[in-house]
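Residue strings, one per chain:
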Amino acid sequence: MAPSHRKGGRGGRLSALPDNALERVLSHLASKEAVRSSALSRRWRRVHEGVPVIDLVDPKPGSAASESASTTRCHGAIVSKGADTSICTFRLNAFHPPYYLLDQWITIVATSGVEVLDVKLLYNESSKHTLCPYGLSRGASADFLKSDMNRYIRTHRHIFGCPTLRRLQLTNWTLDLPASVDMALLDTLCLARIMDPNGELQQLISGCPSLAHLTLEECPSIEDIAVTSPRLRSFAMICCHNASSVELHSSYVQSLHYKGSLPPRNSPFFVVSNHAGIKALRIEICEKLSSKVPEDIAPVTRLISQSKKLAYLHLSLRPSMAYYSSSFTSVLRGLDSLTHLSLQGCLPTDHAVRSVSALLVNTKYLEELSLFPLGPEPPKKKEQTWEMDDEDITSDSDTEPEDSSVAHGVEYTSRMPESLWRAYVGCLEYNLKRINIANYEGRPLQKMLARFLLSRAAALEEFSVTLAAGLYPHKETTKELTSWRWNRHTRVNCN
């Protein structure tokens, strides 16, 4: 920590604070902003030298000018620290910094007692390519592009023997481990877009005995993985499409997040020591379910049904919100602890709205409902059609048009079908207290869903709508939503 400096006579109350208090204030700013504080007055001239945080994010990566400026800022931020200042937090988001300098920076912070290390590297446009075979871009793949192979910078080996490190987040690196990994204090590990040519990722995870939070995102080398830390609390696997099995040995896992394709049929994809301990479950299926049969959905529904104490459930499905509602409705029947349900997806026709209502039928104790409607997907050259009973509220035919007011698979009428008017959802009448709708654009089917919920929610206390980007709160929107309330005491917020 930098020594205390002379207090300025005209500095005001903030300047009168001791150095350690001012350093704590500056630690919440980006490093370049913290350094700028030195121009405020003589009192502030050297306060930034004692801030134990280096936080540098390149706002406009990609140009030669920004690359040079980012390198200069980072080097200056490190060497300007006081001799007695330990760097506890190091965050860097930069466009391909020189390897010799990056090695020097990480060596300095690793030997300085760093506790939080978060480094994201960028390599032109290729580092923005999503590793998902179900993406909308042409040539979408679960693996790295051939042109990117052996291009990512290798990780610095002394990171993995740092005795003080508690949180490690690496993005766009090639994994290169020493012979042994010893990070006894590491609590949180987040790996995104990691090339692993030698298959060392399992060794890294096994070398973290105190791991409590693990996130793996777009790591195509993962196939079979086991997390042996007995302290694991949360686990997230996002778009690791080559993974075939996950074993979590901890009995204290409370949160699971899975985003990817449907797990293999008839296989225990997630092996968890204690399903009853899971309180929050987030499932996002990247592929469309329109060509799937119930047996294909079974691994997902089985995971939900095994989590008997589940309090929060998020489902993101394609091609529409709450697709295959009949399969999911049956497993929700046994979740008496479920109080918060979150749904994400498109609303192409009123069948999707009816599927949402069907999914709510067995959520008897639900207190909060969050909805994230997405915009319509681009039209496909070849679409499948389903022939289902229009009056069946548990219908899974979320993409079948009900009348002629449909274009490119998207319906443009807010007329509520009779089957939806007749639908009875117990939680709306007795328990549901809060409803949140994000990305609200006032589309006809969004209005239909909002009207159905408001006109049935007798116990509702608050109905909140967040408008889509580019839209501004309008009195008519709030007035329209308010007019649909059953409970006149329900607060309607439009932001």
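Since we're looking at a predicted model, the values are computed, not measured. (Residues numbered from 1 in each chain as written. Predicted model: local features only at pLDDT ≥ 70, side-chain atom pairs only at ≥ 80, totals over all residues. Heavy atoms only, no water.)

## Section: the overall build of the protein
Inference 1: When helices and strands are counted, the protein shows 13 helices and 20 strands.
Inference 2: The buried share of the protein, reckoned over its 495 residues, is 51%.
Inference 3: Across the protein, every contact between residues at least 6 apart in sequence was considered, and the portion connecting residues at least 24 apart equals 67%.
Inference 4: Accessible surface for the protein amounts to roughly 22,900 Å². Of this, 51% is attributable to carbon and sulfur atoms. (Helix = DSSP H or I, 4+ residues; strand = E, 2+ residues; numbered from the N terminus. Buried < 20%, exposed > 50% of the residue type's maximum accessible area, 1.4 Å probe, protein only. Contact = heavy atoms within 4.5 Å. Areas by Shrake-Rupley, 256 points an atom, 1.4 Å probe, with all protein chains shown as cover.)

## With respect to the packing of helix 8 (residues 325-332) against helix 9 (residues 350-360)
Axes are the key here: two packed helices are described by the angle between their axes and the distance separating the axes.
Inference 1: For the pair helix 8 and helix 9, the least separation of the axes is 8 Å and the interaxial angle reads 15°. Put simply, helix 8 runs roughly parallel to helix 9. Crossing of helix 8 over helix 9 shows right-handed handedness. Residue-level inspection shows S325, F328, T329 and L332 of helix 8 in contact with helix 9, the latter providing S355, A358 and L359. (Axes fitted to C-alpha atoms, helices over the stretch in contact; angles between N-to-C directions. Parallel < 35°, antiparallel > 145°, perpendicular 65-115°, else oblique. Left-handed = near helix turned anticlockwise from the far one by under 90°.)

## Topic: the nonpolar core
Inference 1: Among the nonpolar cores identified, the biggest contains 120 residues, and L216, F235, M237 and I304 are the most heavily contacted of them.
Inference 2: Other than its neighbours up to four places away in sequence, L216 contacts L191, L201, I205, I222, I225, F235, A236, M237, I238 and C240.
Inference 3: Formed by seven residues, the second largest nonpolar core is a distinct cluster that contains L22, A34, W44 and V53. (Core = buried A, V, L, I, M, F, W, Y, C linked by side-chain atoms within 4.5 Å.)

## Points about the environment of L369
Inference 1: Within the fold, L369 resides in strand 15 (residues 368-374).
Inference 2: The exposure class of L369 is buried, given its relative accessible area of 0%.
Inference 3: Considering only alpha carbons, one finds L369 and K433, 64 residues apart in sequence, at a separation of 8.5 Å.
Inference 4: Setting aside chain neighbours within four positions, we find L369 in contact with H340, L341, L360, L432, R434, I435, N436 and L453.

## Looking at the sheet that holds strand 7 (residues 224-227)
Inference 1: A sheet is described by the order of its strands in space; here three strands give the open sequence 7-9-11, paired in parallel fashion. Of all the strands in the sheet, the pair left with one neighbour each is strand 7 and strand 11 (270-272). On average, each strand axis in the sheet is inclined to that of its neighbour by 10°, with strand direction left out of account.
Inference 2: Inspection of the sheet shows strand 9 (residues 245-248) paired to strand 11 by three bridges, in the parallel sense. Bridge pairing in strand 11 places V246 opposite F270. (Pairing = 2+ DSSP bridges.)

## A word on helix 8
Inference 1: Within helix 8, six of the eight residues are buried, which leaves it mostly tucked inside the rest of the structure.
Inference 2: Every buried residue belonging to helix 8 is among S325, S327, F328, T329, V331 and L332, and all of these are buried.
Inference 3: The inward-facing, buried residues of helix 8 abut helix 7 (294-306), strand 13 (312-318) and helix 9.

## Some words on the environment of Y123
Inference 1: For Y123, the position within the fold is in the loop between strand 3 (116-122) and strand 4 (167-174).
Inference 2: With relative accessibility at 0%, the residue Y123 sits in the buried group.
Inference 3: Placed 49 residues apart in sequence, Y123 and N172 show a C-alpha to C-alpha distance of 8.4 Å.
Inference 4: Looking at Y123, its side chain comes within polar contact range of the main-chain nitrogen of I153, at 3.1 Å. (Polar contact = N/O pair within 3.5 Å; in protein donor to acceptor, adjacent residues only side chain to side chain.)

## A look at the layout of surface pockets
Inference 1: In this model, the second largest pocket occupies a volume close to 490 Å³.
Inference 2: Surrounding the second largest pocket, 26 residues form its lining, Y134, K259, C286, R318 and L374 being those nearest its centre.
Inference 3: Counted by class, the lining of the second largest pocket contains 13 nonpolar, seven polar and six charged residues. (1 Å grid on protein atoms, 1.4 Å probe; cavity = no way out; pocket = protein on both sides within 12 Å on 5 of 7 lines; lining within 4 Å. Points joined across faces, edges and corners; volume = space filled by probe spheres on them. Nonpolar A, V, L, I, M, F, W, Y, C, P; charged D, E, K, R; others polar.)

## Brief notes about the packing of aromatic side chains
Inference 1: In this structure the tally under the stated criterion is seven aromatic pairs.
Inference 2: Centre to centre, the rings of F144 and Y152 are 5.5 Å apart; their planes meet at 80°, and the pair counts as edge-to-face. Residues F144 and Y152 agree in their burial class; the two are buried.
Inference 3: Here a set of aromatic residues connected by ring pairs shows up, and it is made of F235, Y258, F269 and F270. (Phe/Tyr/Trp six-rings, centres within 6.5 Å; stacked < 30°, edge-to-face > 60°.)

## With respect to the pairing of strand 20 (residues 491-494)
Inference 1: With burial as the criterion, only one face of strand 20 is covered, namely that bearing V492 and C494; the residues R491 and N493 on the opposite face remain uncovered.
Inference 2: Relative to strand 20, strand 19 (residues 462-467) runs parallel, the two being bridged by four bridges. Bridge assignment links F463 to a residue of strand 20, and that residue is V492.
Inference 3: Where the polypeptide runs from strand 19 across helix 13 (residues 475-483) and back to strand 20, its parallel neighbour, the crossover connection is right-handed. (Right-handed = clockwise from strand over helix to strand, strands pointing away.)

## Details of the confidence of the model for the protein
Inference 1: Residues at a pLDDT of 70 or more form 83% of the protein, whose mean pLDDT is 83.
Inference 2: Within the model, the stretch residues 1-9 combines pLDDT values under 50 with 23 contacts to residues more than four positions away or in other chains.
Inference 3: Taken as a whole, residues 380-412 scores under 50 in pLDDT and shows 80 contacts with residues more than four places along the chain or in a different chain. (pLDDT = per-residue confidence, 0-100.)

## A few points about a nonpolar patch on the surface
Inference 1: A contiguous nonpolar surface patch, about 220 Å² in accessible area, is contributed by L14, L17 and V25.
Inference 2: Along the chain, V25 falls in helix 2 (residues 19-26). (Patch = residues over 30% accessible without salt bridge, like charges linked within 9 Å, V, L, I, M, F, W, Y side chains within 5 Å. Salt bridge = Lys/Arg side-chain N within 4 Å of Asp/Glu carboxyl O.)

## Quick look at the pattern of salt bridges
Inference 1: Enumeration according to the criterion identifies twelve salt bridges in this entry.
Inference 2: With a shortest N-O distance of 3.2 Å, E287 and K292 are connected by a salt bridge.
Inference 3: Note on E287: relative accessible area 8%, which makes it buried.
Inference 4: Across the pair K447 and E480 runs a salt bridge whose closest N-O atoms are separated by 3.6 Å.

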